[in-house]
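# Analysis of the macromolecular model
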Amino acid sequence: MSRDDAQVSNIAKGGYILRDCDGTPDLILIATGSEVGVTVKAAEKLASEGTKVRVVSMPCTNVFDEQDAAYKEAVLPLAVTARVAVEAAHADYWYKYVGIDGRMVCMTSFGESAPGDVLMDYFGFTVENIANTAKELLD
């Protein structure tokens with residue numbers, strides 16, 4: 001997915017809106033690293049079904065946390081509580097961004113060994129799983 005000049009500039013802020021919708025989103029998907037691509041595809045699937053979705057790319061949470069409140073609110077508005085984090089790491093850390101009622105598509109175990117694409121499917125890093133996790137949250 002290509003980024004415009006503002007998005008490229010906002011990478012330095014640790015988190016930015018990669019894909020947005022018209023108006024207030026029903027749902028925010030937050031992803032980092034290699035999970036961004038599949039998350040954007042899940043957002044496209046959800047949008048095609050009528051859900052207003054924003055995708056936030058979060059390459060560096062520490063830097064994002066240092067931004068002023070206005071910027072953080074512009075990216076992750078407090079009024080939008082339906083949030084799903086997608087991260088090929090442990091889930092606990094992401095509660096600060098998704099809230100206690102949010103959902104995560106994250107790894108919950110350690111030590112599995114297989115080719116990367118097999119592990120991504122095994123851990124649920126698929127368009128279908130991300131979309132279904134979001135739908136469950138919205139229901």
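Quick look at the structure, then. (Residues numbered from 1 in each chain as written. Predicted model: local features only at pLDDT ≥ 70, side-chain atom pairs only at ≥ 80, totals over all residues. Heavy atoms only, no water.)

## Points about the nonpolar core
Leu27, Leu29, Ile30, Met58, Leu76, Val84 and Trp94 are the most contacted members of the largest nonpolar core, which totals 41 residues. Here the element with the most residues in this core is helix α2 (residues 35–48); it accounts for six residues. Not counting residues within four places of it along the chain, the set of residues in contact with Leu29 comprises Thr39, Ala43, Leu46, Val53, Arg54, Val55, Val56, Val84 and Ile130. (Core = buried A, V, L, I, M, F, W, Y, C linked by side-chain atoms within 4.5 Å. Buried < 20%, exposed > 50% of the residue type's maximum accessible area, 1.4 Å probe, protein only. Helix = DSSP H or I, 4+ residues; strand = E, 2+ residues; numbered from the N terminus. Contact = heavy atoms within 4.5 Å.)

## Details of the side chain of Thr61
Along the polypeptide, Thr61 turns up in helix α3 (residues 61–65). Owing to a relative accessible area of 13%, Thr61 belongs among the buried residues under this scheme. Of note is the side chain of Thr61, whose polar atom sits 2.6 Å from the side chain of Tyr93. Leave out the neighbours within four places in its chain, and Thr61 touches Tyr93, Trp94 and Tyr97. (Polar contact = N/O pair within 3.5 Å; in protein donor to acceptor, adjacent residues only side chain to side chain.)

## Structural notes on the packing of aromatic side chains
Taken as a whole and assessed by the stated rule, the structure comprises five aromatic pairs. Look at Tyr93 and Trp94: their rings are 5.8 Å apart centre to centre, the planes differ by 85°, and that puts the pair in the edge-to-face class. The class for Tyr93 is partly exposed, based on a relative accessible area of 30%. Through pairs of rings, three or more aromatic residues link up here, namely Phe64, Tyr71, Tyr93, Trp94 and Tyr97. (Phe/Tyr/Trp six-rings, centres within 6.5 Å; stacked < 30°, edge-to-face > 60°.)

## Overview of the sheet that holds strand β3 (residues 53–57)
Taken in spatial order, the five strands make up an open sheet running β1-β3-β2-β4-β5, and their pairing is mixed. This sheet does not close on itself; its edge strands, each paired only once, are β1 (16–19) and β5 (103–107). If you compare each strand with its neighbour and ignore which way they point, the axes differ by 25° on average. Relative to β5, strand β4 (residues 83–90) runs parallel, the two sharing five bridges. Within β5, the residue paired with His90 across the bridge is Met107. (Pairing = 2+ DSSP bridges. Axes fitted to C-alpha atoms, helices over the stretch in contact; angles between N-to-C directions.)

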